[in-house]
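Structural overview for review
Single-letter residue listing:
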Amino acid sequence: MDERRDPPPAPQPGRPILAAATRLSPLQQAYAAYTDHAVSCDACRDVDRTCAEAEALWRAYRAIGDDACERLASEA
């Protein structure tokens, strides 16, 4: 049986929306840079080709992730 659902509250003027006030983490930003490049680069979209820029972006993403893991491990 369908449950009644109340409509979502209307945004209030002068009150910021949460998503607009947040930023991506450095790890998320690095991955976004990699994926943004990968979807717009002809070489990246072709499975038989490689791209030096994508490799550099991927290495940067991995380095940021590895650094974050090391910092977390040292705090434990």
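Here, every reference points to the structure presented above.
Owing to the predicted nature of the structure, the values given are computational and were not obtained by experimental measurement.

So, on to the overall build of the protein chain. Along its length, the protein chain carries 3 helices and 0 strands. Within the span of the protein chain, comprising 76 residues, buried residues form 11% of the whole. Accessible area of the protein chain: about 7000 Å², with a carbon and sulfur share of 55%.

For the rest of this paragraph, the subject is the side chain of H37. In this structure, H37 sits in helix α1 (residues 26-40). For H37, a relative accessible area of 11% puts it in the buried group.

Turning next to the packing of aromatic side chains. Counted under the stated rule, the structure contains 4 aromatic pairs. Ring centres of Y31 and Y61 lie 5.1 Å apart, and the angle between their planes is 55 degrees; on these two criteria the pair is classed as tilted. Of the two residues, Y31 sits in helix α1 while Y61 sits in helix α3 (residues 52-75), which places them 30 residues apart along the sequence. Grouped by ring-pair contacts, the aromatic residues Y31, Y34, W58 and Y61 constitute a single cluster.

Calculation rules
- In this convention, every chain numbers its residues from 1, walking through the sequence in written order.
- Selection of residues for local features in this predicted model requires a pLDDT of at least 70, selection of side-chain atom pairs for listing and counting requires 80 or more, and totals for whole chains, interfaces and linings are taken over all residues.
- Side-chain numbers here rest on the full set of heavy atoms in the structure, without hydrogens or water.
- Working definition: helices are DSSP H or I runs of at least four residues, strands are E runs of at least two. Numbering for both runs from the N terminus.
- Note on exposure labels: buried denotes an accessible area under 20% of the residue type's maximum, exposed denotes more than 50%, and partly exposed covers the range between, all computed with a 1.4 Å probe on protein chains only.
- Here the Shrake-Rupley method, with its probe set to 1.4 Å, supplies the accessible areas, and only the displayed protein chains count as covering residues.
- Think of it this way: a Phe, Tyr or Trp ring, Trp meaning its six-membered ring, pairs with another when their centres are within 6.5 Å, and the plane angle makes it stacked under 30 degrees, edge-to-face over 60, tilted otherwise.

Structural measurements only, silent on function.
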